[in-house]
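Observations on chain architecture
The chain contents come next:
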Amino acid sequence: MSISKKILPPAIIIGLMTAVIVATLALNPTVTTRTPTSEDNPEAPRVMQDTFMRGTVTKILGETQEIDEITLGSARVQKLEVRIKSGEETGKTIPLEHRVQNRPGAENQRLDIGSRIIVGKNTSPQSVLYYISDVYRLNALWVVLAIFFLLTLLFSGYRGVMAFLGLVFSLFMVMSFVIPRILAGQNPFLISIIATTLIATLSLYLAHGVKKRTTVAVIATLLAIGVALAVSTLVVRFVALFGMGTEEAFYLQFAPIAPINLQGLFLGAIIIGVLGILDDVTTTQAATVEEIAKANPAVSFATLYRRGASVGREHITSLVNTLVLAYTGASFPLLLLFTIYERPAWVTLNSELVMEEVMRTLIGSITLIFAVPLTTALAALVFTKKKSGH
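Residues numbered from 1 in each chain as written. Predicted model: local features only at pLDDT ≥ 70, side-chain atom pairs only at ≥ 80, totals over all residues. Heavy atoms only, no water.

Digging into the overall build of the protein chain
- Check the secondary structure of the protein chain and you find 11 helices and five strands.
- In the protein chain, which comprises 390 residues, the share counted as buried stands at 38%.
- Put simply, of all contacts in the protein chain between residues at least 6 apart along the chain, 67% involve residues at least 24 apart.
- Counting every atom, the protein chain has about 22500 Å² of accessible surface; 66% of that belongs to carbon and sulfur. (Helix = DSSP H or I, 4+ residues; strand = E, 2+ residues; numbered from the N terminus. Buried < 20%, exposed > 50% of the residue type's maximum accessible area, 1.4 Å probe, protein only. Contact = heavy atoms within 4.5 Å. Areas by Shrake-Rupley, 256 points an atom, 1.4 Å probe, with all protein chains shown as cover.)

Have a look at this one:
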């Protein structure tokens, strides 16, 4: 009986996830539609699609020093022989050039014999051009992922594996549900809300098990997401953000697809980003309140709430600081550029590029502040009722 109780709930969650995955793939709007062209957006420029293949540097034919036409600084130009390792041209050897700027840290960008790269091929009616697109990093990614999985398994055991499956499901929902539907012209905000609800519910149960504290965390997470929806919608309109703060968003306006609501896309990104920190807060708070109740079964609702909220306040303080530092670290190059070109601080802060990141941080922090008392009160209510029932 105990074995069935232990196995059945995760099996149900995995079954639900499988049903969602099958439904997503079956109803995927990109399966039956044609490849988008510039006819979908009359303003989009017609571009030739490049093809990409893996390659390995087999010889360094020489190096020269030249003046870069863009930066007007000196650059080292490596003349390389590269063997294609994938695609229809596997085994073909081609000469390529690799340009490395003469600046601090750029020496690490130098390619050596055996370096793995991505080779791009641009084909036009007039010519065929091969070029080095990037360094090939996927093999290193698999190694780091394997280390991450093994460490998760070592320190968290069965629950770690379940959490990893939840992570895979979250990535699947984003890549196979959210992205295709946005590209098909559906409302990015609405699609993000649906995906966030499914991810929050199924991933939390899979990672933490089907039990009362998890149910408390799921309900609190969904309530907090509702708060985030309201706050983000009001703030984005109040601050007059249009989702055009980044270079990527700018280019999306001219992509060969149906026009995308960039403001809705920005709002959807906020909601999905908030979920990444919400589940940490809600699960921790629910577990904390339950453990306090277990330690003192006679504790009252008010006392249980007060003690749980005390822990929650510390959590809020650390997470708000984490959010600010995370966004600041990600914006280092941008902050340096603004400093170099000596733009007035108020102009920099007022720009949509900076304001979007500021609003992400503030909306996330506001949601966290609401999530802690919501989760604590709900958990205190559930676990004091459990005590009185005995």
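Now that the structure is up, let's keep going.
A few points about the packing of aromatic side chains
- All chains considered together, the criterion is met by three aromatic pairs.
- Aromatic side chains F149 and F164 sit 4.9 Å apart centroid to centroid with 70 degrees between the ring planes, which places their arrangement in the edge-to-face category.
- For F149, a relative accessible area of 29% translates into the label partly exposed.
- Ring geometry for F301 and Y305: centres 6.5 Å apart, planes at 20 degrees, overall stacked. (Phe/Tyr/Trp six-rings, centres within 6.5 Å; stacked < 30°, edge-to-face > 60°.)

Focus: the pattern of salt bridges
- One pass over the full model with this rule turns up 12 salt bridges.
- Ionic pairing is found between K79 and E97, a salt bridge with its closest N-O pair at 2.9 Å. A residue pair is termed long-range when its members are at least 10 positions apart, and K79 in strand β2 (residues 74-84) and E97 in strand β3 (residues 93-101) qualify at 18 residues.
- Note on K79: relative accessible area 30%, which makes it partly exposed.
- In this structure, K121 engages E89 in a salt bridge whose closest nitrogen and oxygen atoms are separated by 2.7 Å. Note that K121 is positioned in strand β4 (residues 116-123) and E89 in the loop between β2 and β3, a separation of 32 residues in sequence.
- The structure contains a network of salt bridges with shared partners spanning E63, R76, R110 and D112. (Salt bridge = Lys/Arg side-chain N within 4 Å of Asp/Glu carboxyl O.)

A few points about the side chain of S86
- Here S86 shows up in the loop between β2 and β3.
- Its relative accessible area of 15% is what places S86 among the buried residues.
- From its side chain, S86 meets the backbone nitrogen of R54 in a polar contact 2.8 Å long.
- Leaving out residues up to four positions away in the same chain, S86 has contacts with M53 and R54. (Polar contact = N/O pair within 3.5 Å; in protein donor to acceptor, adjacent residues only side chain to side chain.)

A short note on helix α4 (residues 188-208)
- Compared with the 30 Å implied by 1.5 Å per residue over 21 residues, the 29 Å span of α4 between its first and last C-alpha is a close match.
- For α4, the side-chain oxygen to backbone nitrogen distance between the N-cap and F189 is 2.9 Å, and the N-cap itself is N187. (Expected span 1.5 Å × (residues − 1).)

As for a positive patch on the surface
- Taken together, the side chains of R54, R83, K85 and R116 present a region of like positive charge at the surface.
- For R83, the location among the structural elements is in strand β2.
- By relative accessible area, which is 32% here, R83 ends up partly exposed. (Patch = residues over 30% accessible without salt bridge, like charges linked within 9 Å, V, L, I, M, F, W, Y side chains within 5 Å. Lys, Arg positive; Asp, Glu negative; His and termini not counted. Charge placed at Lys NZ, Arg CZ, Asp CG, Glu CD.)

Some remarks on the packing of helix α3 (residues 138-183) against α4
- Where α3 meets α4, the axes come as close as 9 Å, and the angle between the chain directions of the two elements is 165 degrees. Taken together, the axes of α3 and α4 are roughly antiparallel relative to one another. In the crossing of α3 with α4, the sense of the turn from one axis to the other is right-handed. For the pair α3 and α4, contact is made by R159, M162, A163, L165, G166, F169, S170, M173, F177, V178, R181 and I182 and by P188, I191, S192, I194, A195, L198, I199, L202, S203, L206, A207 and H208, respectively.
- When grouped by side-chain class, the residues that make up the contact of α3 with α4 number 17 nonpolar, five polar and two charged. (Axes fitted to C-alpha atoms, helices over the stretch in contact; angles between N-to-C directions. Parallel < 35°, antiparallel > 145°, perpendicular 65-115°, else oblique. Left-handed = near helix turned anticlockwise from the far one by under 90°. Nonpolar A, V, L, I, M, F, W, Y, C, P; charged D, E, K, R; others polar.)

Section: unusual backbone geometry
- Of note, A240 is a non-glycine position whose phi angle comes to about 65 degrees, a positive value.
- Along the polypeptide, A240 turns up in the loop between α5 (212-239) and α6 (247-252).

Observations concerning the sheet that holds β3
- Reading across the sheet, the five strands line up as β3-β2-β1-β4-β5 and stay open at both edges, with antiparallel pairing between neighbours. Each edge of the open sheet is held by one strand with a lone partner, namely β3 and β5 (128-135). In this sheet, adjacent strand axes meet at a mean angle of 45 degrees when their direction is disregarded.
- The pairing of strand β1 (residues 51-67) with β4 spans six bridges and is antiparallel. Within β4, the position partnered with T56 by the bridge is R116. (Pairing = 2+ DSSP bridges.)

Brief notes about the confidence of the model for the protein chain
- In the predicted model, the protein chain carries a mean pLDDT of 80, and the fraction of residues at 70 or more is 84%.
- Contacts from residues 1-8, a stretch scored under 50 in pLDDT, to residues over four places away or in other chains number one contact. (pLDDT = per-residue confidence, 0-100.)

Here we look at the packing of α4 against helix α7 (residues 262-295)
- Here α4 crosses α7 at 20 degrees, and the two axes come no closer than 9 Å. The angle between α4 and α7 places the two elements in the roughly parallel class. The hand of the α4/α7 crossing is right-handed. Mapping the contact onto sequence places P188, F189, S192, T196, I199, A200, L204 and H208 in α4 and G264, L265, L267, G268, I271, I272, L275, D279 and T283 in α7.
- In terms of residue class, the contact of α4 with α7 is built from 10 nonpolar, six polar and one charged.

A few points about the environment of T123
- Mapped onto the secondary structure, T123 falls in strand β4.
- The partly exposed category is assigned to T123, whose relative accessible area is 36%.
- T123 sits 73 residues away from D50 along the chain, and the two C-alpha atoms are 7.0 Å apart.

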